[in-house]
Amino acid sequence: MSSENFVYPFTKIVGQEKMKKALLLNVVDPTIGGVLIKGEKGTAKSTAVRSLAQILPMRENVSNCVFRCDLSRPDTYCPYCSEKAAKGVALEPINTEIRVVELPLSATEDRVAGTLDIEHILKTGEKKFEPGILAQANGNLLYVDEVNLLDDHLVDLLLDSAAMGRNYVEREGVSFSHPSRFILVGTMNPEEGDLRPQLLDRFGLSVDVKGEKDAKFRAEVVKRRLKFDEDPAAYIKANEEEAKEMTRRITDAKLLFKKIETDDDAIDMVVGITTHFGVDGHRADITMMKAAKANAALDGRNEIDKDDIREVADLVLSHRIRRRPFESSVIDAGELEECLRTL
Amino acid sequence: MPSDAVMDTTSFPFSAVLGMDDAKKAIMCALVNPKIKCVLIKGRSGVAKSTIARSVRGICEKSIVNVPLNVANEQLFGGMDIESALKTGSPALKKGILGRADGNLIYFDDVNLADDTLTMSLLDSILCGRVIIEREGISSSYSVDAALIATMNPEEKEMSDHIMDRFDICANSSGEERKDEVLRRNMSYSDDPSLFCQSYSEEEEEIKNKIKRAKRILPTVRISDDLIQIIVELCGKIGAAGHRGDISVANTAMTLAALNDRDEVIKKDVEEAAILCLSHRRNYSPPPPPPEEDEKEEEEQDQEEEKEDEKEQNDDKNEPEEDWDEPEKDDKQDEPPPNMEGMLDEMLFEIGEQFKVIDFLGQGDKKRIKKTKSRMGRRETVESCDSTGRYSGYRMPRERVSDVALDATIREAATHQRSREKGSMAINIEESDLREKVRERRSGCTIMFVVDASGSIGVRKRMVAVKGAILSMLRESYVKRDRVGMMAFRRSSTEVILPPTKSVEYSHRKLEELPTGGKTPLGNALTEAGCYMATYSKHHPGESCYVVLLTDGRANVPMESGSDAISEAQEIAEKIKIHGVKWIVIDVASGFKRFNHAKELAMKLEGTYFRLDDLNAENLSAGVKALIS
C-alpha cells in the first residue's frame, strides 16, 4: 500500500510549534476564526492541517441531517431541521467526527455553494437543493491550500459564509440557506501573491512558518519521515496512544474553556496591546481574548495569565497591524515584550 | 423563509453596540421614514458594520432578507417559475428576493464587491418601488416597498459616485474608543448569547417605542424655508450633483426631529442630517486645482470626515517630505566622472523612494487613487473560457456544450413539456433547449517591467529615478491587485528577475536588490521579453498585458556579432507583435544630448512613449494609468 493513503501523525511533526498551537486553539474555540498559515513550500503546512483530523474530538449534532446541524443551537438550524422542530418532531443527537474538508482551487461555484439537484428535477419536476462544500464544512474544518490563488468569486462566497455562519444560496433557481460554521484554515506561499484584505481580516490567527534551520531538528524530520514511509500503518499504530492523549486534552480544554472568566486585568492587557500596535477595529481584541482563553484551557488552567496573552499576541496581530504597501508585517518580539511589561 | 426563522440570539443586540452613533441614527431614520430607502454603512474592517446592520432584527418587527454576494440576477429580481411552467406549460413569473423583501428590510453585506450593474438595478428598483423584469419570455413587474441596509469596507474596492449617490444616507464608522467595554460586552455575549440578549431586552424595547413614536410624529414635522435654504446652499458648496442630496438631507432632518419628539426641524437636525447624507456626495474633483492646494483641501476633508485617526495618518505620511531633497543633493556630490563606469559595476543603488515628484503620487493623494480605482473597475471582469468563474448568464451554445446552464435549459424546456413524450421522467429535454453558462472572472492586468540595468544607466544615477518610477507604478498596482513582473537586461543577457506576481511586497524586495552595471543588450531584451510575454498571454487569456520598457534606446551588445546593436534592436522592435500585449516605452535618457532612439523604438513597437523626466505626478497618472485602464 502506498503511504499516500495514510496521513502523517500530527503529534509527530517536529517543531512548528506556533502553527500547531494556532490550529489547536481554533479547535478548542472555533469562533476564534481560523488560521492563515504563511510559509515556503515543504514546511509541513499541509501535513499539519490534514493530520489534524486524527486528533479532532467528536461532536454532537442532529442525526439524519445532511448539514449536521448543531442540536444546541435551534436558531441556526437548516430549513429541514427547523421544519421538523416546528412540527414538534424530536431531533435525535448523534456523535460524529470533526473532519477536514478541502476546498480545491479548481472548485466551481456551484460545487462550493451548492446547486440545483439535477436528478431530482428531471425525475420529479420539482426543485431541490444539492449541498456543496460549504454544507460539508459546517461544524468541520475547511481547508484551502494556496488560499491566495483562490478566484475572487470563490473568495466572496467564503467571506459571506465566514461572516454570517450561514450559506445563502440564491442561484440557478434555488433559494436556500443552511448553517455553515467552520474553522477556516488557509495556507499560502506569500511569494505568489497577497491575500485580499477582506479575506485576510476574516482569519482569526495567522502564523509565519519557516523550515527548521537547526541541523539536529532537520535530521529528526528526515528520520521520522523515513520511518513513516517504511510502514505507515505501523507508524500510526505506534503513535495511537499519543494521538488519543492529545484528543483527550482538546476535549478537556473545550469544556474548561467555557468556565474561564474574562477578568478586567486581562481586558486591559489585551486592549493595551492592540492599542499600542495601532490595530483597527475590534476584531483583534475579541480574537486575542478568545485565543488567550483557549490557550489557558489547553494548559488545563481555568484562568488567563500574562503568558497566555504573550503566547497568542503575535498570532492575532501579525496580519492585522497596518502597514504601508511595502512594509512587511512582522511583530517585533522585543516591542511586544516591552509593551507587556508596561501594562 | 430561512432567514426569518433565525432567532434573536444570533445577532448582537442593537442597544449593546457601543458608539456607531451615525450608523445607529441612519438605521433608525430608515425604520421611521419610508422615504429613506437606501442606507450604506461604511468603515474599515472590524468596526461592527455588519454587527449593527444585523442587529436591526431586534428593534423592528419587519423581517430581514439577506442578499448574498454571489446572487444571480434572476434570483434577485425574478424570472420564470420552472415548477409552474412544467405543470401548466406557460411561463409565469416567479418573484425574486425582492419579492420576499416587499414590506421588509433588505440586508446586503459588502455591497461594493458585487457587480456594478446588479447593484445599480437593485438600488433603482428599491428607489422607484417597482421591479421590472424582461427576460426569457417573461415581461412583468411587481411592486417592492423595502429599505436597504448595506455595508462596505472601502479598503478593497470603492464604488462609483454614480452608485454612491443612490444611497440616501452613508454613515461612516471608525470604531469605538472604549475598546475595553466593547471587548467585555463581546465576551459576555459569546459566553451566553441568550442571557446577554435578555439583559438588553429593556433597552431594545425602548428603541422600538422611540421608533413607533417618531413614526406618529413624522407626518406633522415641518421644516422652515430658512433651513431649506441652508440645505440647498450646503449642497451647492460641497458640489453635490443633482437634487438627491438636498432631498435626502431634508428628509433625514425631518426624521431626526421626529426621533427627538419634535415637530419642528431645528438647525442641529440639519447639521446631523448633512453629515449623514452628504459625506458620500462630496465632489472631490472640482476643476483641477494646482497640486499643492489639492492636497491641502483633501487633508481638510479627511479631518472632517474620518476624524482624528485619519488625520494622524496623513501626518505620518507627510513626514518623509522633509527628506526629499537630501538624496538629490547627494547625487550631485557623488556624481562620478564618466570613466568610472567599471568601478560602478555591480553597484546597488538604493531605491529612489525619495524621488520627489514620483513619490508625491504614491503618498500624497489618497482621494485621487480612489477615483482611479473606481474607474478601473470596468476592466475587472472578462469572460472566462473554461468552467471557472462566476456564473453570470447563459446563452445559446456556440459549439458543443460542456458547461450546461441547467436552470436556463430547464426553463427553456419547461414550456414545451405538454407536447413532448416524457416516459418515466418529469421533463424531456431536447437538444434545442440546451443553454450554456456564460462565466466571468475578475481579472486585473499584468505589467512586465523590462529594465535597462546596464552601467550607462547606473552611472548617471538614473537608476534611482528608474526605480522610483517603477515603485510608484507598483504602488498603484498594489491598490488594484494587478500582477507585476520584472526583467532586467545588462551585460549580454536578459534575466527574469520576477515572474508576474500579485505580491507587491515581494516585487519591491526584488527591486531593491536589482544589480546594475555592464553593457546594454537591448535587442536581446526585446526578444526575451517578447517570447516571455507571448507564452504568458497565451496561458492567461483575457488578461491585458503590458510591457513597460525602461530604456534610453541605446544598445551596445548586438545579437549577431558585428551588426550595429542599436539598429538591430530597432529591427527587432518592428517585428515583434504579440497578441494582447501592449508596449509602453519610458525613455530614461537625460540631459541635452538626447537621441531619439527610444522614441523610434516606441513607434516601431506601436507602443506609447514617455520621458522619465516628464513623469511627475500629474501626467503619470494621466498617462500610463489611463493607458492601462
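Residues numbered from 1 in each chain as written. Chains lettered and ligands numbered in written order. Predicted model: local features only at pLDDT ≥ 70, side-chain atom pairs only at ≥ 80, totals over all residues. Heavy atoms only, no water.

(A) Inspection of the overall build of chain A at higher detail. Secondary structure summary: chain A contains 15 helices and 11 strands in total. In terms of overall dimensions, chain A is globule-like: its C-alpha atoms have a radius of gyration of 21 Å, near the 20 Å expected for 343 residues. Classification of the 343 residues of chain A by burial places 55% in the buried group. Across chain A, contacts joining residues at least 24 apart in sequence account for 75% of those joining residues at least 6 apart. Taking the average location of the 49 positive side-chain charges in chain A and that of its 60 negative ones, the two points are 2 Å from each other. (Helix = DSSP H or I, 4+ residues; strand = E, 2+ residues; numbered from the N terminus. Rg over C-alpha atoms; globule rule 2.2 N^0.38 Å. Buried < 20%, exposed > 50% of the residue type's maximum accessible area, 1.4 Å probe, protein only. Contact = heavy atoms within 4.5 Å. Lys, Arg positive; Asp, Glu negative; His and termini not counted. Charge placed at Lys NZ, Arg CZ, Asp CG, Glu CD.)

(B) Examining the overall build of chain B more closely. From N to C terminus, chain B includes 26 helices and 18 strands. Expressed as a percentage of its 629 residues, the buried residues of chain B come to 55%. Across chain B, contacts joining residues at least 24 apart in sequence account for 78% of those joining residues at least 6 apart. Counting every atom, chain B has about 28200 Å² of accessible surface; 49% of that belongs to carbon and sulfur. (Areas by Shrake-Rupley, 256 points an atom, 1.4 Å probe, with all protein chains shown as cover.)

(C) Highlighting the confidence of the model for chain B. Residues and elements named next belong to chain B. Put simply, chain B has an average pLDDT of 74, and 72% of its residues get 70 or more. Every residue in residues 1-7 scores below 50 in pLDDT, and together they form 14 contacts with partners more than four places removed in sequence or on other chains. Note that pLDDT drops below 50 for residues 284-379; the model gives that stretch 142 contacts with residues more than four away or on any other chain. Across the predicted assembly, pTM comes out at 0.71 and ipTM at 0.80. (pLDDT = per-residue confidence, 0-100.)

(D) Seen up close, the packing of aromatic side chains. Within the structure shown, the criterion is met by 11 aromatic pairs over all chains. Ring centres of F67(A) and Y80(A) lie 6.3 Å apart, and the angle between their planes is 25°; on these two criteria the pair is classed as stacked. Of this pair, F67(A) sits in the loop between strand 2 (58-62) and helix 3 (79-87) while Y80(A) sits in helix 3, placing them 13 residues apart in sequence. Among the residues examined, Y80(A) registers a relative accessible area of 36% and is labelled partly exposed. Summarising the aromatic geometry, the rings of F12(B) and Y189(B) are spaced 5.1 Å apart at their centres and angled 75° between planes, so their arrangement reads as edge-to-face. In this pair, F12(B) is assigned in the loop between helix 1 (2-5) and helix 2 (21-32) and Y189(B) in helix 9 (residues 179-191), connecting sequence segments 177 residues apart. Judged by relative accessible area, Y189(B) falls into the buried class, the value being 13%. Ring pairs connect the aromatic residues F67(A), Y80(A), F129(A) and F176(A), which therefore count as one cluster. Here the basic side chain of K24(B) rests over the ring of F14(B), its NZ or CZ set 5.9 Å away from the ring centre. (Phe/Tyr/Trp six-rings, centres within 6.5 Å; stacked < 30°, edge-to-face > 60°. Lys NZ or Arg CZ within 6 Å of the ring centre and 35° of its normal.)

(E) Local environment of a negative patch on the surface. All names here are of chain A. Together, E261, D263, D265, D268 and E303 make up a region of like negative charge exposed at the surface. Of note, E303 is situated in the loop between helix 13 (283-298) and helix 14 (306-317). The class for E303 is exposed, based on a relative accessible area of 56%. (Patch = residues over 30% accessible without salt bridge, like charges linked within 9 Å, V, L, I, M, F, W, Y side chains within 5 Å. Salt bridge = Lys/Arg side-chain N within 4 Å of Asp/Glu carboxyl O.)

(F) Spatial organisation of a positive patch on the surface. Residues and elements named next belong to chain B. On the surface, K62, K212, K215 and R216 cluster together to form a positively charged patch. Summarising the element assignment, K62 is placed in the loop between helix 3 (49-54) and strand 2 (64-67). K62 sits in the partly exposed class, given a relative accessible area of 31%.

(G) Main features of the sheet that holds strand 10 (residues 183-188) of chain A. All names here are of chain A. Overall, parallel pairing links the 5 strands, which are arranged 4-7-10-1-11 in an open sheet. The sheet is open, and its two borders are formed by strand 4 (100-102) and strand 11 (205-209), each paired with just one other strand. Strand-to-strand, the axes of this sheet are offset by a mean angle of 20°, without reference to chain direction. Pairing between strand 1 (residues 35-39) and strand 11: 5 bridges, direction parallel. Opposite G39, over in strand 11, you have V209 as the bridge partner. (Pairing = 2+ DSSP bridges. Axes fitted to C-alpha atoms, helices over the stretch in contact; angles between N-to-C directions.)

(H) Geometry of unusual backbone geometry. Residue and element names in this part refer to chain B. A positive phi angle, near 55°, is found at R491, a position not held by glycine. Its identity as a non-glycine residue notwithstanding, E606 has a phi of 55°, on the positive side. Tracing the backbone shows E606 in the loop between helix 25 (597-604) and strand 18 (608-611).

(I) Up close: the packing of helix 12 (residues 264-276) of chain A against helix 14 of chain A. Residues and elements named next belong to chain A. With their axes 11 Å apart at the nearest point, helix 12 and helix 14 run at an angle of 35° to one another. Crossing hand, helix 12 versus helix 14: right-handed. The residues of helix 14 that touch helix 12, namely those facing A266, M269, V270, I273 and T274, are K306, I309 and L317. Partitioned by chemical class, the residues of the contact of helix 12 with helix 14 number 6 nonpolar, 1 polar and 1 charged. (Left-handed = near helix turned anticlockwise from the far one by under 90°. Nonpolar A, V, L, I, M, F, W, Y, C, P; charged D, E, K, R; others polar.)

(J) Structural view of the nonpolar core. Membership of the largest hydrophobic core comes to 85 residues, with the highest contact counts inside it found for L142(A), F108(B) and L148(B). Not counting chain neighbours up to four residues away, the residues in contact with F108(B) comprise V67(B), P68(B), L69(B), A114(B), L118(B), L122(B), L148(B), I149(B), A150(B) and T151(B). Counting 67 residues, the second-largest nonpolar core is a separate cluster that includes Y8(A), V207(A), I250(A) and A291(A). (Core = buried A, V, L, I, M, F, W, Y, C linked by side-chain atoms within 4.5 Å.)

(K) Broad picture of a nonpolar patch on the surface. All names here are of chain A. On the surface, a cluster of nonpolar side chains totalling about 250 Å² of accessible area is made up of V221, V222 and L226. Tracing the chain through its elements places V222 in helix 9 (residues 215-230). Residue class for V222 comes out partly exposed when judged on its relative accessible area of 46%.

(L) Local environment of the pairing of strand 13 (residues 445-452) of chain B. Residue and element names in this part refer to chain B. Taking burial as the measure, the 8 residues of strand 13 include 8 buried ones, the bulk of the element. Neither face of strand 13 is left uncovered, since the one carrying C445, I447, F449 and V451 and the one carrying T446, M448, V450 and D452 both have all their residues buried. The sheet contact formed by strand 13 and strand 16 (residues 544-551) spans 7 bridges and is parallel. By the bridge assignment, M448 is partnered in strand 16 with V547.

(M) The pattern of salt bridges, seen in detail. Under the definition given, this model contains 36 salt bridges over all chains. The partner of E130(A) in a salt bridge is R111(A), with the nearest N and O atoms 4.0 Å apart. Of this pair, E130(A) sits in strand 6 (residues 129-130) while R111(A) sits in helix 4 (residues 109-113), placing them 19 residues apart in sequence. By relative accessible area, R111(A) is classed as partly exposed at 35%. Of the charged contacts, one joins E61(B) and K208(B) as a salt bridge, the two residues approaching to 3.9 Å between their closest N and O atoms.

(N) Seen up close, the packing of helix 1 (residues 17-28) of chain A against helix 14 of chain A. Residues and elements named next belong to chain A. The interhelical angle for the contact between helix 1 and helix 14, taken along N-to-C directions, is 90°, at an axis separation of 11 Å. Regarding the angle of helix 1 to helix 14, the classification is roughly perpendicular. Taken together, the residues of helix 14 that come into contact with helix 1 (itself represented by K18, K21, A22 and L25) are E311, V312, D314 and L315. Its residues placed into classes, the contact of helix 1 with helix 14 shows 4 nonpolar, no polar and 4 charged. (Parallel < 35°, antiparallel > 145°, perpendicular 65-115°, else oblique.)

(O) View of the side chain of R166(B). Tracing the backbone through its elements, the reader meets R166(B) in helix 8 (residues 161-166). In this view, R166(B) contacts C38(B), M120(B), L123(B), D124(B), L127(B) and R244(B); residues no more than four positions away in its chain are not counted.

(P) Spotlight on the sheet that holds strand 8 (residues 147-152) of chain B. Residues and elements named next belong to chain B. Reading across from one edge, 2-5-8-1-9 is the order of the 5 strands in this open sheet, with parallel pairing throughout. Bordering the open sheet on either side are strand 2 and strand 9 (169-173), each of which pairs with just one other strand. Taken pair by pair, the neighbouring strands of this sheet meet at an average axis angle of 20°, ignoring direction. Here 5 bridges tie strand 1 (residues 38-43) to strand 8, and the two strands are oriented parallel to one another. In the sheet register, I41 faces strand 8, and the bridge partner there is T151.

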